[in-house]
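# Fold and geometry: a report
Below are the chains, spelled out letter by letter.
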Amino acid sequence: MVGIELKDPDVLLSQTLRSTAQAMGEGQISLRELLGLVGEQGMLLFCLLLTVPFLLPVSIPGISSVFGLLILFIGIGITLNRVPWLPARLMARSFATQQLKTTLHKGADLLARLDKFVRPRLLVLTASSSINRGNGLMIMLAAVLLMMPFGAIPLTNTLPAWAILLLCTGMLQRDGLFVALGYTLVAATLIWFAVLATGVLMAGQGISGLLG
């Protein structure tokens, strides 16, 4: 792929997250600086990294729309097979280094569990640019679902974040099974949102009936 090159995996993703956290200084760090620390695995790893706060019981103010939009733009880049355009205003956003370090170390612990299972397999789901365009579309859809304003409702952030993490991990590590699981979680998220929408509609009709 142009700009988002998929290389043969040689470093565990958990180790890359730990080294990124260790390379961070003190005070504040911008998202552009964070991307620079990610290293040669580039945009896909950056995309994976952006999902970590949604998977852990951490509080980093202002991440939902910012991180979700960046994941969306990366998904567009993967789909179009080119380096994604990342808005300068978003990339200039700064966050407390200590909060991000803690989040990355916890994310590394999470990925270390996945590292035990990930390996190259079902290569048909990661082997061609056309397949990876489809994977990019799934990342875009999951990013849109991640940005939906339902963060207080269980699973509305967690399911799409896991979908993105699995898709990115599968593409980085050539693991088609993880990619397939990512597709499955995107479908599960759509079903969950449909259930929520149906519940809201029925509740609205019930209230209208009582008032009518």
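Read on for an overview of the structure.

What counts and what doesn't
Residues numbered from 1 in each chain as written. Predicted model: local features only at pLDDT ≥ 70, side-chain atom pairs only at ≥ 80, totals over all residues. Heavy atoms only, no water. Core = buried A, V, L, I, M, F, W, Y, C linked by side-chain atoms within 4.5 Å. Buried < 20%, exposed > 50% of the residue type's maximum accessible area, 1.4 Å probe, protein only. Helix = DSSP H or I, 4+ residues; strand = E, 2+ residues; numbered from the N terminus. Contact = heavy atoms within 4.5 Å. Salt bridge = Lys/Arg side-chain N within 4 Å of Asp/Glu carboxyl O.

## Focus on the nonpolar core
Ranked by internal contacts, the top residues of the largest apolar core, which has 58 residues, are Leu31, Phe46, Leu48 and Leu70. For this core, the element with the highest residue contribution is helix 3 (residues 42-55), accounting for 11 residues. Every residue in contact with Phe46, bar those within four places of it in the chain, is listed here: Leu31, Leu34, Leu35, Val38, Leu70, Ile74 and Met91.

## A closer look at unusual backbone geometry
Of note in the backbone geometry, Asn81 takes a positive phi value of approximately 60° without being a glycine. Along the chain, Asn81 turns up in the loop between helix 4 (63-80) and helix 5 (88-91). A relative accessible area of 18% means that Asn81 is categorised as buried. A positive phi angle, near 45°, is found at Leu122, a position not held by glycine.

## What about the pattern of salt bridges?
Two side chains with opposite charge may pair up if their charged atoms get near one another. Considering all chains together, one arrives at 3 salt bridges under this definition. Between Asp109 and Arg18 there is a salt bridge, with the nearest N and O atoms lying 2.6 Å from each other. Pair noted here: Asp109 is in helix 6 (residues 97-115) and Arg18 is in helix 1 (residues 13-23), with a separation of 91 residues, a long-range link. Using a relative accessible area of 27% as the deciding quantity, one classes Arg18 as partly exposed. Across the salt bridge formed by Lys101 and Glu26, the nearest N and O atoms sit 3.3 Å from each other. Of this pair, Lys101 sits in helix 6 while Glu26 sits in the loop between helix 1 and strand 1 (28-30), and the two are 75 residues apart along the sequence. Judged by relative accessible area, which is 62%, Glu26 ranks as exposed.

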